Amino acid sequence: MIRAYTFLMRPTVGQTQALGEMLRDHCSLYNGALQERRDAYRHVSKTSIKYGMQSAQLKDIRAFDPERQGRWSFSSQQATLRRLDKAFAAFFRRVKADETPGYPRFRGVNWFDTVDFPKDGDGVRWNSTPHDPVTRVRFQGVGHVKVNQHRPVVGKVKTVSVKREGRRWYVVLTAEQGEPEPLAPTGSVVGIDMGIANFLADSNGGFVPNPRHGRQAAAKLEAAQQALSRFPRVRRDKRTANHQKAVRKVAGLHRKVRCQRLDHAHKTALGLIREHDFVAYEDLKIRNMVKAPAPKTDPDQPGAFLPNGAAAKAGLNKSINDAGWGVFLTILTSKAESAGRTVIAVDPRNTSRTCPRPTCGHVAAENRTTQEKFHCVACGHTAHADTVGAVNVLRAGLVRRDARQG
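If you're wondering where the values come from, they're calculated on a predicted model, not measured in any experiment.

**A look at the state of the cysteines**
Inference 1: Counted by the stated rule, this structure contains 0 disulfides.
Inference 2: Sulfur of cysteine 360: no disulfide; nearest cysteine sulfur belongs to cysteine 376 and is 3.7 Å away.
Inference 3: Given the relative accessible area of 28%, cysteine 360 is considered partly exposed.

**Observations regarding the nonpolar core**
Inference 1: Within the largest apolar cluster, 36 residues are counted, with the highest numbers of intra-cluster contacts made by Met9, Trp126, Phe139, Val162, Val171 and Leu173.
Inference 2: Ranked by residues supplied to this core, first place goes to helix 1 (residues 13-42) with 9 residues.
Inference 3: Here phenylalanine 139 is in contact with Met9, Leu19, Phe117, Gly123, Val124, Val145, Val160, Val162 and Val171, once residues within four sequence places are set aside.
Inference 4: The next biggest cluster of nonpolar side chains, apart from the first, holds 24 residues, and it includes Ala323, Trp325, Ala336 and Ala345.

**Let's talk about a positive patch on the surface**
Inference 1: A contiguous patch of positive charge, built from Arg167, Lys220, Lys245, Arg248, Lys249 and Lys256, is present on the exposed surface.
Inference 2: Turning to its location among the elements, lysine 220 is positioned in helix 6 (residues 218-229).
Inference 3: Lysine 220 gets classed as exposed once you look at its relative accessible area, which sits at 58%.

**Concerning the sheet that holds strand 9 (residues 198-202)**
Where strands meet in a sheet, backbone hydrogen bonds hold them as pairs that are either parallel or antiparallel.
Inference 1: Strand order in the open sheet formed by 5 strands is 10-9-8-11-14, with mixed pairing between adjacent strands. On the outer flanks of this sheet lie strand 10 (207-209) and strand 14 (342-346), each paired with one strand and no other. With strand direction ignored, the average angle separating the axes of adjacent strands in the sheet is 20°.
Inference 2: Bridge count between strand 8 (residues 189-194) and strand 11 (residues 278-282): 3 bridges; the pairing is parallel. Bridge pairing in strand 11 links valine 189 to phenylalanine 278.
Inference 3: Strands in contact with helix 7 (residues 241-275) are strand 8, strand 9, strand 10 and strand 11; relative to strand 9, the strand with the most contacts, it is inclined by about 5°.

**Regarding the packing of aromatic side chains**
Inference 1: In total, this model carries 9 aromatic pairs according to the counting rule given.
Inference 2: Between phenylalanine 88 and tyrosine 103 the ring centres are 5.5 Å apart and the planes differ by 90°, which places this aromatic pair in the edge-to-face class. You can see phenylalanine 88 sitting in helix 4 (residues 74-96) and its partner tyrosine 103 sitting in the loop between helix 4 and strand 2 (114-117), a full 15 residues away along the chain.
Inference 3: Exposure remark for phenylalanine 88: the relative accessible area of 6% places this residue in the buried category.
Inference 4: Overall, tyrosine 103 belongs to the partly exposed group, its relative accessible area being 35%.
Inference 5: Note on phenylalanine 91 and tyrosine 103: the rings are 5.1 Å apart at their centroids and 85° apart in plane angle, and the pair reads as edge-to-face. In this pair, phenylalanine 91 is assigned in helix 4 and tyrosine 103 in the loop between helix 4 and strand 2, connecting sequence segments 12 residues apart.
Inference 6: Judged by its relative accessible area of 13%, phenylalanine 91 falls in the buried class.

**Things to note about the packing of helix 6 against helix 7**
Inference 1: It is at 9 Å that the axes of helix 6 and helix 7 come closest, and there the two elements cross at 155°. Judged by the inter-axis angle, helix 6 sits roughly antiparallel to helix 7. Crossing of helix 6 over helix 7 shows left-handed handedness. Within the contact between the two elements, helix 6 uses Lys220, Leu221, Ala224, Gln225 and Leu228 and helix 7 uses His243, Ala246, Val247, Lys249, Val250, Leu253 and His254.

**Overview of the sheet that holds strand 1 (residues 2-10)**
Inference 1: Spatial ordering of the open sheet is given by 2-6-7-1-5-4-3, a layout of 7 strands whose pairing is antiparallel. Of all the strands in the sheet, just strand 2 and strand 3 (124-126) have a single pairing partner and so form its edges. Within the sheet, the average angular offset between the axes of one strand and its neighbour, ignoring direction, is 30°.
Inference 2: Bridge count for strand 1 against strand 5 (residues 143-148) is 3 bridges, and the pairing is antiparallel. Bridge pairing in strand 5 places methionine 9 opposite valine 147.
Inference 3: Seen against the sheet, helix 1 touches strand 1, strand 2, strand 4 (136-139), strand 5, strand 6 (156-165) and strand 7 (168-176) and runs at an angle of roughly 85° to strand 2.

**A look at the pattern of salt bridges**
Inference 1: Applying the stated criterion across every chain, the model contains 17 salt bridges.
Inference 2: With a closest N to O distance of 2.7 Å, arginine 71 and glutamate 21 form a salt bridge. Remark: glutamate 21 occurs in helix 1 and arginine 71 occurs in the loop between helix 3 (58-64) and helix 4; sequence separation between them is 50 residues.
Inference 3: Measuring nitrogen to oxygen at the nearest pair gives 3.0 Å for the salt bridge that ties glutamate 165 to arginine 258.

**Regarding the side chain of serine 203**
Inference 1: With respect to the helices and strands, serine 203 occurs in the loop between strand 9 and strand 10.
Inference 2: Filtering out sequence-adjacent residues up to four positions away, serine 203 remains in contact with Val190, Gly191, Ala390, Val391 and Leu394.

**Digging into the pairing of strand 5**
Inference 1: Inspection of the sheet shows strand 4 paired to strand 5 by 4 bridges, in the antiparallel sense. Bridging from a neighbouring strand, phenylalanine 139 pairs with glycine 143 of strand 5.
Inference 2: Connecting the antiparallel pair strand 4 and strand 5 is a turn made up of 3 residues, with glycine 141 showing a positive phi of about 85°.

Conventions we followed
- Residues numbered from 1 in each chain as written.
- Predicted model: local features only at pLDDT ≥ 70, side-chain atom pairs only at ≥ 80, totals over all residues.
- Heavy atoms only, no water.
- Disulfide = S-S within 2.5 Å.
- Buried < 20%, exposed > 50% of the residue type's maximum accessible area, 1.4 Å probe, protein only.
- Core = buried A, V, L, I, M, F, W, Y, C linked by side-chain atoms within 4.5 Å.
- Helix = DSSP H or I, 4+ residues; strand = E, 2+ residues; numbered from the N terminus.
- Contact = heavy atoms within 4.5 Å.
- Patch = residues over 30% accessible without salt bridge, like charges linked within 9 Å, V, L, I, M, F, W, Y side chains within 5 Å.
- Areas by Shrake-Rupley, 256 points an atom, 1.4 Å probe, with all protein chains shown as cover.
- Salt bridge = Lys/Arg side-chain N within 4 Å of Asp/Glu carboxyl O.
- Lys, Arg positive; Asp, Glu negative; His and termini not counted.
- Charge placed at Lys NZ, Arg CZ, Asp CG, Glu CD.
- Pairing = 2+ DSSP bridges.
- Axes fitted to C-alpha atoms, helices over the stretch in contact; angles between N-to-C directions.
- Phe/Tyr/Trp six-rings, centres within 6.5 Å; stacked < 30°, edge-to-face > 60°.
- Parallel < 35°, antiparallel > 145°, perpendicular 65-115°, else oblique.
- Left-handed = near helix turned anticlockwise from the far one by under 90°.

Dropping the structure here:
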């Protein structure tokens, strides 16, 4: 099992400058490799350049530019070239699938914020000063950087990454671990129904309120973004002190909302995993749910469009993104794997329109009279619509579990 750890680093002023230069040079390498691929394809020969060809050039690049490219780890530069190769592989996959291609773009220095080291000990060393009570990580060309290690790392460290978020620097580790010891069984099963009014409802009639972190921070974020918009769009090194302060304020507010959302997701998922042996949830296609509606052209007025509910849909999309369903479900699945619990996704269709009574099971859109109220038109059963959905999700999940076991 592979687990990830993220720790805050405490670099000195000189180390901060060196880390920034490392990101800058890797960004330059990424953009140069991208430009080479573009130029080769635009040539009359339509030459296709692969990762192996560009990786073979690294030795000459490092010898030609020892003050910049030659300073950093060879394997980390290979990882940067692999990142570009993955971007092109994804581009061609989307082209074949007839999706929006999204050709790989050049990265600005502000948008290139991660450098990967594929192996601990090759250009990077985790816990480089084991004799010192303060944990440090050593990067080639940077030195030994202090790390705020708030929890122990279990297992053998495989990869190390350095990441910049605003003015903060993080080290991200992946460690290989053995099979975890499962939690003691509780004999409890539950189904959950994701929502917006409530973050989730369970099949036992319980509800987890939606904290709406994004909405709570909307006023402060709007004011900070308005203050930032008053400054002209210039290069990073051309910004004034006030401009940089405005940028940091916006980034800090976004970071706070993201951390609050992650904290809520972790705590909610941990509660479910500790209390239940089996959890069933809806297999929601969140990416499709938050798509903007297609425009409707007006046949009577060329160039004009008919109302398509885009404004209302935008508000719904914002609420779905603020709830963070995808992040929560990813965390829930990860925690279930570590605890030896079973988590199963089921088809979400008609879960809140089907009567949960075993003797009825009537399916009709009229059963859900409002967002919260469920009233079966066949047998008269009434309940909260989200609870009904959770009960039906649990029932479908148990059927899928028994089919797998059987």
